[in-house]
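Analysis of the macromolecular model
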Amino acid sequence: PLTFILTGIPGLPMSSYWMALPLCCLYLLMLLANCTLLWMIKTDHSLHTPMYYLLSMLSMADLGLSLSTLPTMLAIFWFQSPSLCFEACIAQMYFIHCFSAIESGVLVAMAFDRFVAICYPLHYASVLTSSLIMKAGGVIFMRAICVVLPVAVLIKKMPFCRSRVLSHSFCLHQDMLRLVCGDVRVNSLYGLTAVILTKGLDSLAILLSYVMIIRAILSIVSQEAQAKAFSTCISHLCAVLIFYIPLIGLSVMHRFGKHLPPLTHTLLADAYLLVPPVLNPLVYSWKTKQIRKRILILLC
């Protein structure tokens, strides 16, 4: 059967328990933070608003993204089992890219939420209804499924006859594509198209939203009101930067940074998939008064 060998961290022994323990703590922190956030939004009726519905979607996308990488990360660093069958690798690749596309779409919806709240505050309740948020969530979910599915179907039909050693602790489309022994132009072209249809359009939509938000904030006369309006966007801006900076860096390195050390690729890929799910709930808990208050009540 066709199997792939996953690489942990270049230069690090496979049986590194000192690496496995921090990874387990990181995953536990991610699960605790996101599940707590989801539980608070579900149980506190004052948080049943469009912004918090979108935040719960972001937490679910973060959970899906992290749990997609959890089996192979623990298998490599805890059980020293780096091999993975072809079908499992395809499935992991699909879920990683699918949840990544969902998270990108949710960030766009959250940018639209901030745009309406700042530019059209009087129409916020009438425009962003709960039914609209649910429909938007369904569209984001279906878009990710439909756009990423052909990526998995196309690569499943390709022959692999070179080295089967992948350069990460999980399966990514670009990483698998370099091991194909055949013409990969269609796969590469569709992979680029999928990125443009998801992250490319999403980043442009977020940028356009913030251009209009900044224009609206600058038109406010009072500096205190400007600061207050901008502070409502800080959490979302942090989430966007945490998600897109490693993503853009990883995409650029896969295409143009082949001369860079393997450790650079590995660390950036790990940061792209592990850092946002851990930091997003912490950022929103710190910057959002209602969530921070609820956490203090729980701790007391």
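Residues numbered from 1 in each chain as written. Predicted model: local features only at pLDDT ≥ 70, side-chain atom pairs only at ≥ 80, totals over all residues. Heavy atoms only, no water.

**Quick look at the overall build of the protein chain**
- The secondary structure content of the protein chain amounts to 11 helices and two strands.
- Whereas a compact globule of 300 residues would reach a radius of gyration of roughly 19 Å, the protein chain reaches 21 Å, a difference of no more than 12%.
- Dimensions of the protein chain along its principal axes, counting C-alpha atoms only, are 65 × 45 × 35 Å.
- Buried residues in the protein chain amount to 46% of all 300 residues.
- In the protein chain, of all internal contacts separated by at least 6 residues, the share reaching a separation of at least 24 is 78%. (Helix = DSSP H or I, 4+ residues; strand = E, 2+ residues; numbered from the N terminus. Rg over C-alpha atoms; globule rule 2.2 N^0.38 Å. Buried < 20%, exposed > 50% of the residue type's maximum accessible area, 1.4 Å probe, protein only. Contact = heavy atoms within 4.5 Å.)

**Quick look at the nonpolar core**
- Of all hydrophobic cores here, the largest spans 83 residues; its most connected members are Leu55, Leu107, Phe160 and Met176.
- For this core, the elements supplying multiple residues, two or more each, are helix H1 (17–43), helix H2 (50–77), helix H3 (86–119), helix H5 (130–156), helix H6 (173–177), helix H7 (185–218), helix H9 (234–256) and helix H10 (262–287).
- Ranked by residue count, the leading element in this core is H3, at 18 residues.
- Not counting residues within four places of it along the chain, the set of residues in contact with Met176 comprises Phe4, Phe86, Cys89, Ile90, Met93, Ile155, Phe160, Leu166 and Cys171. (Core = buried A, V, L, I, M, F, W, Y, C linked by side-chain atoms within 4.5 Å.)

**Notes on H2**
- Taking 1.5 Å per residue, 28 residues should reach 40 Å; H2 reaches 40 Å between its end C-alpha atoms and fits that length.
- Its axis deflected by about 35 degrees at Leu70, H2 carries its strongest bend there, up to four residues before the proline Pro71.
- A large share of H2 lies buried, amounting to 22 of its 28 residues. (Expected span 1.5 Å × (residues − 1). Bend = angle between axes of the 7 residues up to and from the residue.)

**Observations concerning the UniProt feature "transmembrane region" (unreviewed entry) in the protein chain**
- Per the UniProt record, "transmembrane region" (unreviewed entry) is annotated on residues 20–41, 53–79, 91–112, 132–155, 233–253 and 265–284.
- Along residues 132–155, the helical share is 100% and the strand share 0%, with 36 Å between the first and last C-alpha atoms.
- The distance from the first to the last C-alpha atom of residues 233–253 is 30 Å, and the span holds 95% helix and 0% strand. (UniProt positions renumbered as here; feature names shortened; annotations may be inferred.)

**Some points on the pattern of salt bridges**
- Within the structure shown, the criterion is met by four salt bridges.
- We note a salt bridge from Arg114 to Asp113, for which the minimum N-O separation is 2.8 Å.
- Look at Arg114 and you get buried, because its relative accessible area is 10%.
- Close ionic contact of Arg185 with Asp183 constitutes a salt bridge, the shortest N to O distance being 2.8 Å.
- On the accessibility criterion, Asp183 (45% relative accessible area) is partly exposed. (Salt bridge = Lys/Arg side-chain N within 4 Å of Asp/Glu carboxyl O.)

**A short note on the state of the cysteines**
- The tally for this structure, following the rule as stated, stands at one disulfide.
- In this model, Cys89 is linked to Cys171 through a disulfide, with the two sulfur atoms separated by 1.9 Å. Residues Cys89 and Cys171 are joined by a disulfide whose S-S torsion is about -115 degrees; by sign, that bridge is left-handed. Here the residue Cys89 occupies a position in helix H3, and Cys171 occupies one in the loop between H5 and H6, the gap between them amounting to 82 residues. The two residues Cys89 and Cys171 agree in class, both being buried.
- Left without a disulfide partner, Cys98 is nearest to the cysteine sulfur of Cys146, which lies 9.3 Å away.
- Looking at the unpaired Cys233, the closest cysteine sulfur is the one in Cys119, lying at 8.9 Å. (Disulfide = S-S within 2.5 Å.)

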